[in-house]
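In case you want the letters, here they are:
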Amino acid sequence: MAIVVAVGSWTAATMRVETEITEFLPAEDDRELAQLVAAVTQSDLTRTVTLTVQAEDLATAARAAATLGAELEGASEVAWVRWGPDEDLERAFYEAYFPRRLGLLADRPEDVDLSAEALRVRLDRLRTELGGPTGPFLRRIAPEDPWMVFIDYVERLRTALEGELEVRDGAFVSQQGDDAFGVVLLASNHSPFDGAASRTLLSEIDAAFAATEAAIDAPLTLERATVHRIAVQSEKTIKADIQRVSIFGSLAVLLLLLVVFRDLRTLLLAGFPLFGGVAAGATAVHVGFGSIHGLTLAFGATLVGVALDYVAHLLNHHYLAPNPDGAVGTARHLRPGLLLGAGTTVAGLIGLAWTSFPGIRQMAIFTSVGVVVAVLLTLYVLPPLLPAAKTTPLHARIGRWCAAFLERAAAHRGVLLALPLIAIAIAISGSFRLEWQDDIRALNPTDPALLAEDARVRGRVANLDLGRFLVARGDTFEEALERNDALHDLLSEEVRAGRLERFRSLHALLPSVARQRAVRGAIDEGAWARTETVLGQAGFVPTMFEPFRATLQAEFEPLRWEDLQDGPLARLASMHRVPLEDGVAVLTFLRGADDADALAERAESIDGVRSVDQGALMQRAYKGFRTRTLELMVVGLFIVLLIVLLRYRRLRPALAAYLPALCAAGATLGLLGWFGIPANLLHVVTLLLVLSMGVDYGVFMVESDRGRTDGAAGEEGAIGDGPATVVSLLMACLSTVASFGILAMSESGALQALGLTAAIGVALSLILAPAAWLILRR
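Residues numbered from 1 in each chain as written. Predicted model: local features only at pLDDT ≥ 70, side-chain atom pairs only at ≥ 80, totals over all residues. Heavy atoms only, no water.

Peer 1: Report on the packing of helix H28 (residues 651-674) against helix H29 (residues 681-703), specifying residues and quantitative values.
Peer 2: Between H28 and H29, whose axes approach to 8 Å, the crossing angle comes to 150°. One element, H28, and the other, H29, form an angle in the roughly antiparallel class. When the axes of H28 and H29 are compared, the crossing they make is right-handed. Only His683, Leu687, Leu691, Gly694, Val695, Gly698, Val699 and Val702 of H29 make contact with H28, whose side of the interface consists of Pro653, Ala656, Ala657, Ala661, Leu662, Ala665, Thr668, Leu669 and Leu672. (Axes fitted to C-alpha atoms, helices over the stretch in contact; angles between N-to-C directions. Helix = DSSP H or I, 4+ residues; strand = E, 2+ residues; numbered from the N terminus. Parallel < 35°, antiparallel > 145°, perpendicular 65-115°, else oblique. Left-handed = near helix turned anticlockwise from the far one by under 90°. Contact = heavy atoms within 4.5 Å.)

Right, here's the structure in full:
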């Protein structure tokens with residue numbers, strides 16, 4: 001007992017609870033896409049936060065953005081923050097791109113036009129702009145760049161990366177109708193699914209905005225587009241549900257035991273196998289996975305309902321049908337049935353430990369280990385500690401009620417036969433109405449107000465669809481960039497044709513080395529001679545541009561990823577680059593596609609390019625897994641039938657143990673269909689638990705017929721240990737329904753699915769197990 005307490009205490013003190021819904025992403029099926037989606041959820045893309053501050057005019061909005069950005073600089077959870085063009089970024093642009101500008105002359109080699117007429121246009125523009133606001137800067141770089149290649153490229157870059165953002169008084173602003181917004185962009189130091197870090201970040205943003213309001217002294221409204229806020233809300237919901245389940249579920253079980261047995265010692269002892277099972281399951285997951293998901297913990301917390309089956313069975317037989325050898329003798333008598341029940345429960349769940357969903361594997365391991373430990377503690381640790389058999393008046397009265405019920409029910413087997421027939425009818429008819437919802441978002445619904453705010457903010461900045469994007473993948477980064485160049489060319493044509501509004505690609509920041517060399521190679525040897533002629537015609541002194549001539553004659557060195565890594569440019573590029581286990585992916589985001597599916601088909605004609613619709617991908621993955629889980633359920637049911645046949649060696653008791661679970665599970669799905677409740681993956685997973693517990697109930701009823709010698713059936717018509725068994729099932733069912741019923745009232749779709757399915761299925765099992773036993777016994 002001390003070992004169990006010590007292990008449980010260590011796990012509670014060191015256990016790390018996760019709430020990432022990515023634990024319910026597939027890890028193996030369609031490995032490439034699944035790996036990509038999982039990588040995206042951990043990439044810089046998800047760590048980026050967009051803030052907009054609404055003000056009465058653009059000038060105030062610009063001041064608010066600058067103040068808010070400055071307040072956030074140095075915050076503990078802010079990796080970087082931008083509220084306008086900064087000198088570091090401009091310097092980084094110059095240092096990275098100016099020496100390599102000839103490879104960036106155009107997007108494609110075929111777009112390079114250095115005819116005399118094209119050069120005349122460039123130089124006329126240079127002469128005009130030398131007298132404008134950028135004149136001082138142009139006079140410094142013109143001797144090395146009379147074609148204004150660098151200026152043109154920076155302009156293309158700004159358009160590609162900042163979209164509709166304008167710069168006002170040194171700050172990013174956005175105008176939508178009469179509404180003015182200041183814009184601040186930042187990234188967090190940690191993943192948005194790190195709950196503690198995300199809460200700190202959100203608090204720092206709130207504090208910075210409060211300081212901004214005080215400094216600006218004008219009406220301001222802050223809105224956010226961030227995964228962090230959604231993740232924190234999900235974590236808060238799940239933790240609240242876990243706390244509610246743990247407190248109220250445990251109180252319901254303890255109150256039930258206290259009311260029935262009225263003995264504090266029995267109450268404390270009965271709770272030990274429950275505690276031991278939960279502690280063992282949590283420890284197994286903690287050691288095996290390094291952390292435990294909130295949904296797994298909530299699911300495991302309901303293990304008290306399963307474990308109480310064994311405890312209630314032992315206690316009720318010990319008090320209502322005492323054994324001459326005391327509780328140890330009762331445990332010895334019940335041992336075959338309890339081990340069989342636990343074995344069928346584990347057999348129904350352990351197959352899930354080999355699924356491709358880490359979260360589902362956690363649930364399977366938690367429950368399997370917990371059930372095994374709970375039944376072993378019930379059989380071998382609890383009995384010697386129990387007091388002598390002493391039935392309370394209420395307990396005895398319940399036993400007499402159950403005995404009278406069984407006696408009357410046994411005399412009306414024809415009426416009892418209607419119960420499984422009704423269950424079968426509900427299962428068949430409801431199956432035609434049942435709808436499957438294969439969407440991960442249904443497991444973790446988000447506050448609609450948060451989603452609406454997120455959409456509004458993105459619409460003010462870029463309004464790109466981050467849930468659907470194109471991926472250019474390569475074994476090396478250079479190969480991925482070359483494929484991304486081809487994708488960029490195709491999407492540019494789509495924009496020109498009016499089939500796509502805009503897109504954001506890494507090509508704007510970093511074309512492939514091959515593309516840069518091809519563009520540089522399109523500059524012919526006569527380009528300088530023509531430039532020199534046009535310079536003279538335009539009134540320039542050609543000798544002033546000798547540095548540019550030297551650049552044309554020098555060996556070209558292209559821009560590479562390493563040139564961007566150590567500066568502010570990396571912040572812009574990192575959201576497009578996703579390292580994979582066996583390569584690199586480059587992401588391109590779209591907006592305003594007339595026909596997204598047709599565009600995806602054209603894009604995928606490029607080697608190494610794939611279209612990723614995260615919602616559709618998860619839907620396909622979940623549908624496939626649900627189908628395989630249902631197949632696994634059929635296989636598991638067959639194995640369970642073989643187990644009970646091997647135990648009883650006769651068809652009638654085997655069917656009495658087996659059919660209640662089958663009918664209860666089918667009727668549960670049927671009721672979901674009749675009430676219009678969409679079923680999802682976790683309904684199926686919980687159905688495995690219902691089947692396992694239903695078989696437990698059936699096994700316990702059949703075992704009650706096997707007499708004190710564990711051999712022949714009892715006397716014809718006698719009900720043997722039936723009353724004690726029914727009392728056990730009644731107590732177990734009430735505790736399980738209480739635990740899972742609380743889950744059914746959760747705000748989380750995942751926990752609702754767990755709770756509702758289990759509560760209905762277990763209640764039906766309680767009704768059908770005694771009925772099947774009475775119908776099929778001799």
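Peer 1: Tell me about the packing of helix H20 (residues 477-496) against helix H21 (residues 513-521), residues and numbers included.
Peer 2: Relative placement of two packed helices is described by the angle separating their axes and the distance separating the axes. Put simply, H20 and H21 touch, their axes get as near as 8 Å, and they point 60° apart. By the criterion of interaxial angle, the relationship of H20 to H21 is oblique. Facing H20, whose interface residues are Glu478, Glu482, Asp485, Ala486 and Asp489, H21 presents Val513, Ala514 and Arg515. Of the residues in the contact of H20 with H21, the class split is three nonpolar, no polar and five charged. (Nonpolar A, V, L, I, M, F, W, Y, C, P; charged D, E, K, R; others polar.)

Peer 1: An account of unusual backbone geometry is needed here, citing residue identities and associated values.
Peer 2: Phi angles above zero are rare outside glycine, and Met148 is one such case at about 60°. Within the element layout of this structure, Met148 appears in the loop between helix H7 (135-141) and helix H8 (149-162). Backbone geometry places Asp169, a non-glycine residue, at a positive phi of 55°. By the secondary structure assignment, Asp169 is in the loop between strand S4 (166-168) and strand S5 (171-176). Take Asp169: its relative accessible area is 63%, and that puts it in the exposed class. (Buried < 20%, exposed > 50% of the residue type's maximum accessible area, 1.4 Å probe, protein only.)

Peer 1: An account of the nonpolar core is requested, with residue identities and associated values reported.
Peer 2: Counting residues in hydrophobic clusters, the biggest one holds 86 residues, and the most contacted among them are Leu257, Tyr697, Val699 and Met731. Counting residues per element, this core draws most heavily on H29, at 15 residues. Contacts of Val699, omitting those with residues within four sequence positions, involve Gly337, Leu340, Gly341, Val644, Tyr648 and Ala657. Residues Val112, Ile141, Val519 and Ile523 belong to the second largest nonpolar core, which totals 52 residues. (Core = buried A, V, L, I, M, F, W, Y, C linked by side-chain atoms within 4.5 Å.)

Peer 1: Quick one: what's the story with the side chain of Asp696, residue by residue and with numbers?
Peer 2: Note that Asp696 resides in helix H29. Beyond its immediate chain neighbours, meaning those up to four positions away, Asp696 contacts Asp309, Tyr310, Gly341, Ala342, Thr344 and Thr345.

Peer 1: So what's going on with a nonpolar patch on the surface? Which residues, and what values?
Peer 2: The grouping of Leu417, Leu421, Ile424, Ile428 and Phe432 at the surface amounts to a nonpolar patch, some 530 Å² of accessible area in total. The topology assignment puts Ile428 in helix H18 (residues 418-431). (Patch = residues over 30% accessible without salt bridge, like charges linked within 9 Å, V, L, I, M, F, W, Y side chains within 5 Å. Areas by Shrake-Rupley, 256 points an atom, 1.4 Å probe, with all protein chains shown as cover. Salt bridge = Lys/Arg side-chain N within 4 Å of Asp/Glu carboxyl O.)

Peer 1: With reference to specific residues and values, describe the environment of Asp594.
Peer 2: Relative to the assigned elements, Asp594 resides in the loop between strand S12 (583-593) and helix H26 (596-603). For Asp594, a relative accessible area of 59% puts it in the exposed group. Considered as a pair, Asp594 and Leu500 are 94 residues apart in the sequence and their alpha carbons are 6.3 Å apart. Residues in contact with Asp594, not counting those within four places in the same chain, are Gly498 and Arg499.

Peer 1: An account of H29 is requested, with residue identities and associated values reported.
Peer 2: It helps to recall that an α-helix has 3.6 residues per turn; residues three or four apart then point in one direction. Taking 1.5 Å of rise per residue, the 23 residues of H29 would be expected to cover 33 Å, and the 33 Å separating its terminal C-alpha atoms lies within 8% of that figure. With 23 of its 23 residues buried, H29 lies for the most part within the structure. (Expected span 1.5 Å × (residues − 1).)

Peer 1: Kindly report on the confidence of the model for the protein chain, identifying the contributing residues and their values.
Peer 2: Across the protein chain, the average pLDDT comes to 81, with 81% of residues at 70 or higher. The element-level mean pLDDT for the protein chain is lowest in helix H1 (residues 2-14), coming to 58, with H21 highest at 96. Note on residues 708-719: pLDDT under 50 across the span, and 23 contacts to partners over four residues away in sequence or across chains. (pLDDT = per-residue confidence, 0-100.)

Peer 1: Tell me about the packing of aromatic side chains, and name the residues and values.
Peer 2: Under the definition given, this model contains 12 aromatic pairs. Here Phe469 and Phe589 contribute two aromatic rings whose centre-to-centre distance is 5.9 Å and whose plane-to-plane angle is 65°, an arrangement assigned as edge-to-face. Remark: Phe589 occurs in strand S12 and Phe469 occurs in strand S9 (residues 465-474); sequence separation between them is 120 residues. Summarising the burial analysis for this pair, Phe469 and Phe589 share the class buried. On the basis of an interplanar angle of 80° and a centroid distance of 5.4 Å, the ring pair of Phe477 and Trp561 is categorised as edge-to-face. On the criterion of sequence distance, the pair formed by Phe477 in helix H20 and Trp561 in the loop between helix H23 (546-553) and helix H24 (562-565) is long-range, its members being 84 residues apart. One exposure class covers both Phe477 and Trp561, and it is buried. Pairwise contacts between aromatic rings join Tyr94, Phe98, Phe137 and Phe150 into one cluster. (Phe/Tyr/Trp six-rings, centres within 6.5 Å; stacked < 30°, edge-to-face > 60°.)

Peer 1: Tell me about helix H19 (residues 448-461), and please be specific about residues and values.
Peer 2: With 14 residues, H19 extends 20 Å between its outermost C-alpha atoms, agreeing within 8% with the 20 Å of an ideal straight helix rising 1.5 Å per residue. Every buried residue of H19 is listed here: Leu450, Glu453, Asp454, Val457, Arg460 and Val461. Buried residues of H19, viewed axially, fall in a sector of 130°; they line one side. (Arc of directions from axis to C-beta.)

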